[in-house]
Structure formats: structure tokens, C-alpha cells
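Chains, contacts and geometry: an overview
Here is how the chains run, residue by residue.
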Amino acid sequence: QVQLVESGGGLVQAGGSLRLSCASSGRTFNNYFMGWFRQAPGKEREYVAAISRSGGTTYYADSVKGRFTISRDNAKNTVTLQMNSLKPEDTAVYYCGATGRSAINHRDAGQYDYWGQGTQVTVSS
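Residues numbered from 1 in each chain as written. Predicted model: local features only at pLDDT ≥ 70, side-chain atom pairs only at ≥ 80, totals over all residues. Heavy atoms only, no water.

Look at Asn 77: it is not a glycine, yet its phi comes out positive at around 55 degrees. Structurally, Asn 77 is set in the loop between strand S7 (68-73) and strand S8 (78-83). Taking the relative accessible area as the measure of exposure, Asn 77 reaches 15% and is therefore buried. Here the phi dihedral of Ser 85 falls at roughly 50 degrees; this positive angle occurs in a residue that is not glycine. For Ser 85, a relative accessible area of 40% gives the class partly exposed. (Helix = DSSP H or I, 4+ residues; strand = E, 2+ residues; numbered from the N terminus. Buried < 20%, exposed > 50% of the residue type's maximum accessible area, 1.4 Å probe, protein only.)

Shown next as C-alpha cells:
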């Protein structure tokens, strides 16, 4: 069982930055492929970024490429999403997810087995 807790959300003006963190319980964090998703009111959960178990490979949605950076620290059981040049359309609840499956489609929320409770990010124009 994996428990995930997100933090770092808040209110920021367009063009600003936020840094989201996701802390994981357990001793086998590096067994899990990690992803960040977001969900705006009335919309489906949307893929944002993902990172391999070692942290050596990262993936991004086109909408955030060049603005967001995902990273992980397996010694501290954390995954981080650095968000720069934020836009009002980035406003959403952000969730981190974990999956122990192999050969997944990392863009598919259904492939993730564990989720945090989410953290609200609001970007004002």
C-alpha cells in the first residue's frame, strides 16, 4: 500500500511559479512510476507529467512542456513538480499518482493505482 500526500498549491498571478511536492509512505518508492495529473471543474482528469522509477526519464504534456519540470528524490520518497510561467488555464486541482505496473501508458490515469488527495492551484489573470 502506498499513501501519497501533495502540498505546495496556492494562488499565484499569471507568469508566476509554484512548486508542488508529493510525499510517499513506504520503503519501496523507487518501485513506482510516478505521474502528475490535474482536474479543473467540470473536466476530466488530465495528464501533466510523469517520471520513470529511476528519475532518468521524464515525460510532459504538450501544454506544459518547457514550463513545468518533474523530478523525484528516491531517498526522500518525494516527487516534485516545478511550475513556471503559469497561465490561468493551469488552474486545477493537481494530483500525484503512483503505479507499480510495467509497460504502462503513462498518460492514462487509469494505469495508476494510488492517488493523493490533491492540491489546489489557482492562477489569476
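Once the structure has been displayed, the description carries forward.
Attention now goes to the sheet that holds strand S3 (residues 18-24). The sheet built from four strands is open, its strands ordered S1-S3-S8-S7 with antiparallel pairing. Of all the strands in the sheet, just strand S1 (4-7) and S7 have a single pairing partner and so form its edges. Averaged over all neighbouring strand pairs, the angle between strand axes comes to 15 degrees, with direction disregarded. When S7 meets S8, the two strands line up antiparallel, connected through six bridges. Counterpart to Asp 73 in the pairing with S8 is Thr 78. (Pairing = 2+ DSSP bridges. Axes fitted to C-alpha atoms, helices over the stretch in contact; angles between N-to-C directions.)

Below, the discussion takes up the state of the cysteines. Overall, the coordinates contain one disulfide when judged by the stated rule. The side chain of Cys 22 participates in a disulfide bridge whose partner is Cys 96; the two sulfur atoms lie 1.9 Å from each other. Of note, the bridge from Cys 22 to Cys 96 carries an S-S torsion of about 50 degrees and is right-handed in sense. Of this pair, Cys 22 sits in strand S3 while Cys 96 is found in strand S9 (residues 92-99), placing the two residues 74 residues apart along the sequence. Judged by its relative accessible area of 0%, Cys 96 is buried. (Disulfide = S-S within 2.5 Å.)

Taking burial as the measure, the seven residues of strand S4 (residues 33-39) include six buried ones, the bulk of the element. Looking at chain direction, S4 and S9 are connected through seven bridges and run antiparallel. Residue Gln 39 lies in a different strand from S9, and its bridge partner there is Val 93. With five bridges connecting them, S4 and strand S5 (residues 46-51) associate as antiparallel partners. Paired with Gly 35 across the two strands is Ala 50, which belongs to S5.

Formed by 34 residues in total, the largest nonpolar core has its most connected members in Met 34, Trp 36, Leu 81, Met 83 and Tyr 94. Mapped onto this core, the elements with two or more residues apiece are S3, S4, S5, S7, S8, S9 and strand S11 (119-124). In terms of residue count, S5 provides more of this core than any other element does, five residues in total. Aside from chain neighbours lying at most four places away, what touches Met 34 is Leu 4, Cys 22, Phe 29, Ala 50, Ile 51, Ile 70, Arg 72, Val 79, Gly 97, Ala 98 and Tyr 112. (Core = buried A, V, L, I, M, F, W, Y, C linked by side-chain atoms within 4.5 Å. Contact = heavy atoms within 4.5 Å.)

Another point: the environment of Val 121. If you trace the backbone, Val 121 turns up in strand S11. Val 121 sits 113 residues away from Gly 8 along the chain, and the two C-alpha atoms are 8.5 Å apart. Setting aside anything within four residues of it in sequence, one finds Val 121 in contact with Gly 9, Gly 10, Leu 18, Leu 20, Met 83, Asp 90, Thr 91, Ala 92 and Tyr 94.

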